[in-house]
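Residues per chain are reported as follows:
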Amino acid sequence: MAAMPYPAGTLTNAKGHLEVGGCDVVDLAAAFGTPAYLFSVEEMRSRARAYMAAFSARTDDFEVLFASKALPVTAAYRLFAQEGLSVDVASGGELTMALAAGYEPGRIYMHGNNKTDSEIELVGASGVGHLIVDSFDEIERCERILEGPQDVLVRVTPGIKPSTHSFISTGQVDSKFGFALEDGTAARAIERLLDSKTLNLVGLHFHIGSQIFEIEPFRLAVASLATLSGDWCRTVDVGGGLGISYTQEDEPPEIETYVDLKFEAVREHFGDDVRILVEPGRSLVGTAGVTIYTVGTVKEIPGVRTYVAVDGGMSDNLRPMLYDARYEAVIANRAGDEADHVVTVAGSHCESGDILVRDVALADPKVGDILLTPATGAYGHSMANNYNGMPRPPVIFCEDGQATIVVRRETYEDLLARDA
Ligand code: LLP
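Residues numbered from 1 in each chain as written. Predicted model: local features only at pLDDT ≥ 70, side-chain atom pairs only at ≥ 80, totals over all residues. Heavy atoms only, no water.

J.: Outline the domain arrangement of the protein, supporting the account with residue identities and numerical values.
T.: Here the domain parsing of the protein yields domain 1 (11-33 + 288-416) and domain 2 (41-284). Using only C-alpha atoms to locate each centre, domain 1 and domain 2 end up separated by 32 Å. On the domain 2 side, the residues contacting the 19 residues of domain 1 number 22 residues. Surface buried jointly by domain 1 and domain 2 totals about 1,800 Å² across both partners, of which 65% is contributed by carbon and sulfur atoms. Looking at the side of domain 1 facing domain 2, the largest losses of area belong to Glu328, Tyr379 and Phe397, adding up to 30% of the total buried there. The tally of links from domain 1 across to domain 2 stands at zero salt bridges. Of all elements in the fold, only α11 (319-323), β20 (395-399) and β21 (402-407) reach the threshold of two or more residues within the side of domain 1 that touches domain 2. Ranked by residues supplied to the side of domain 1 that touches domain 2, first place goes to β20 with four residues. A class-by-class count of the residues in the side of domain 1 that touches domain 2 yields 12 nonpolar, three polar and four charged. (Domains from an automatic or database assignment. Contact = heavy atoms within 4.5 Å. Buried area = accessible area lost by both parts, 1.4 Å probe. Salt bridge = Lys/Arg side-chain N within 4 Å of Asp/Glu carboxyl O. Helix = DSSP H or I, 4+ residues; strand = E, 2+ residues; numbered from the N terminus. Nonpolar A, V, L, I, M, F, W, Y, C, P; charged D, E, K, R; others polar.)

J.: Explain helix α1 (residues 25-32) to me, using residue names and the numbers behind them.
T.: Within α1, the full set of buried residues consists of Val25, Val26, Leu28 and Ala29. Down the axis, α1 shows its buried residues gathered within 160 degrees of arc, on one side only. Among the exposed residues of α1, those oriented more than 90 degrees off its buried face are Ala30 and Ala31. Sitting at the amino-terminal end of α1 is Asp24, which places a side-chain oxygen 2.8 Å from the backbone nitrogen of Val26. Phi for Gly33, located one or two positions after α1, is positive at around 80 degrees. (Buried < 20%, exposed > 50% of the residue type's maximum accessible area, 1.4 Å probe, protein only. Arc of directions from axis to C-beta. Polar contact = N/O pair within 3.5 Å; in protein donor to acceptor, adjacent residues only side chain to side chain.)

J.: Describe in detail the packing of aromatic side chains, supporting the description with residues and values.
T.: Overall, the coordinates contain eight aromatic pairs when judged by the stated rule. Ring centres of Phe66 and Tyr77 lie 5.7 Å apart, and the angle between their planes is 70 degrees; on these two criteria the pair is classed as edge-to-face. Of this pair, Phe66 sits in strand β5 (residues 62-67) while Tyr77 sits in helix α3 (residues 74-82); the two residues are 11 residues apart in sequence, bridging distant segments of the chain. The class of Tyr77 is buried, set by a relative accessible area of 0%. Aromatic side chains Tyr246 and Tyr327 sit 5.3 Å apart centroid to centroid with 80 degrees between the ring planes, which places their arrangement in the edge-to-face category. (Phe/Tyr/Trp six-rings, centres within 6.5 Å; stacked < 30°, edge-to-face > 60°.)

J.: Requested: an account of the packing of helix α8 (residues 216-226) against helix α9 (residues 255-270), with residues and values cited.
T.: Between α8 and α9, the least distance of the axes is 9 Å, while the angle of their chain directions is 25 degrees. In terms of orientation, α8 and α9 fall into the roughly parallel class. Here α8 and α9 pass one another in a crossing that is right-handed. Contacts from Glu216, Phe218, Arg219, Val222, Ala223, Leu225 and Ala226 in α8 reach Tyr258, Leu261, Lys262, Ala265, Val266, His269 and Phe270 in α9. Split by residue class, the contact of α8 with α9 holds 10 nonpolar, one polar and three charged. (Axes fitted to C-alpha atoms, helices over the stretch in contact; angles between N-to-C directions. Parallel < 35°, antiparallel > 145°, perpendicular 65-115°, else oblique. Left-handed = near helix turned anticlockwise from the far one by under 90°.)

J.: I'd love a proper account of the pairing of strand β13 (residues 275-278), names of residues and values included.
T.: Where β5 meets β13, three bridges bridge the pair, whose relative direction is parallel. Residue pairing in the sheet places Glu63 in a bridge with Leu277 of β13. In this sheet, β13 lies alongside strand β12 (residues 235-237) in parallel orientation, the contact comprising three bridges. From the neighbouring strand, Thr235 faces β13, where its bridge partner is Arg275. A crossover connection joins β12 to the parallel β13 through α9; in handedness this β-α-β unit is right-handed. (Pairing = 2+ DSSP bridges. Right-handed = clockwise from strand over helix to strand, strands pointing away.)

J.: Would you mind going over the site of the ligand in detail, with residue names and values included?
T.: Around the ligand, a shell composed of 19 residues is seen, among which Ser210, Glu279, Arg282, Arg319 and Tyr379 lie nearest. Lys69 places a side-chain nitrogen or oxygen 3.3 Å from an oxygen atom of the ligand. Expressed as a share of its isolated accessible area of 580 Å², the protein-covered part of the ligand is 91%. In this structure, the shell around the ligand is formed jointly by two domains, domain 1 (11-33 + 288-416) and domain 2 (41-284), each of which donates at least three residues. (Near = heavy atom within 4 Å. Areas by Shrake-Rupley, 256 points an atom, 1.4 Å probe, with all protein chains shown as cover.)

J.: Give me the sheet that holds strand β2 (residues 18-20): which residues, what numbers.
T.: Here three strands make up an open sheet; going across it, the order is β1-β2-β3 and the pairing antiparallel. The open sheet terminates on both sides in strands that have one partner only, identified here as β1 (11-12) and β3 (23-24). Where β1 meets β2, two bridges bridge the pair, whose relative direction is antiparallel. Bridging across to β2, Thr12 finds its partner in Leu18.

This is the structure:
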């Protein structure tokens, strides 16, 4: 069994408390309250550097795009810009945050399967480098709104279905995303774009899914995409999707192995002259983040199970409910104690399905303990919500023992602020 999926450098200090990014998480809970998302800045940087180094060793014609839906936080955009990454935004909101963080517009790639008029206007007004075209209706809209020339890639659904949860695989034929390869729609879209006076087609894009461990399907996707290529194709964007460890049993491929496979596949099928783009989200930020909660209730139902309720739940982590995602948990103020009590960690929401982790072994959980769930850095904050009027947790960056609030906790006043 592998280790807990903590950020690198996480340790148990002399008090028996977990330390993330050099910060004692029990002290952070006391200072900033719970629930809270904590991030190891070093882990984010080292994952970004692993991507950059894996490509740099092979080519200088590449871009690594931070798929910002995984952690749309201005400070995260800023951090990945510093590391030399470009950025994938999938809405006007993400585009606004990328620009606010100082992203050079030429390094922004705009996605979305239903871009609105105002989002397309924002793309034009801010000088976004590339737009990834997703539908025939969008081509019409772009031609009406944009002055051009606007560089675009075309999103193709290559008909490859990797083994992951069906809700997060997007490359199969029956998908709301992009143009299907199999029925000739993608070829028609390319013909249409090559005729466009406003849109300048420069490349191809696919994204076949997320939390993928089995990387072979990427090779098949690249091979089928290549059947569409022509002289105009200077850029091949092979999407994101590399999985991470959520539990001790998970064994995802290394970033380097994954980059190698995608790089080799593009070289084999597209030759040496195309620029390669990847769009990692989860694998940049997932294991960098942990969530801390306070235990409020321990309810033992003899012969059935023990529920340990914490002060968050499906408002800060929807993934267990949406995807049956499995997490680890640990009592962070007694991290060195033996985990010998099998319990179910529940949230505080008015819903029986509000279960964060079922049947997990913890060190005799008690009211007031700080419970930590690792690997919540991707799609936790970004899918948080206000169910039951729950204010959303702060995002705190931890580095060398310094904790910085980069998104403050939502307040009850915030909940009333939009009342008209
Ligand atoms: N590029 C495109 C076009 C995407 O749609 C996505 C994710 C990515 C890149 C980044 O994929 P990643 O490297 O993070 O796997 N909410 C779900 C994940 C949905 C992913 C959507 N698209 C979850 O919590 O698992």
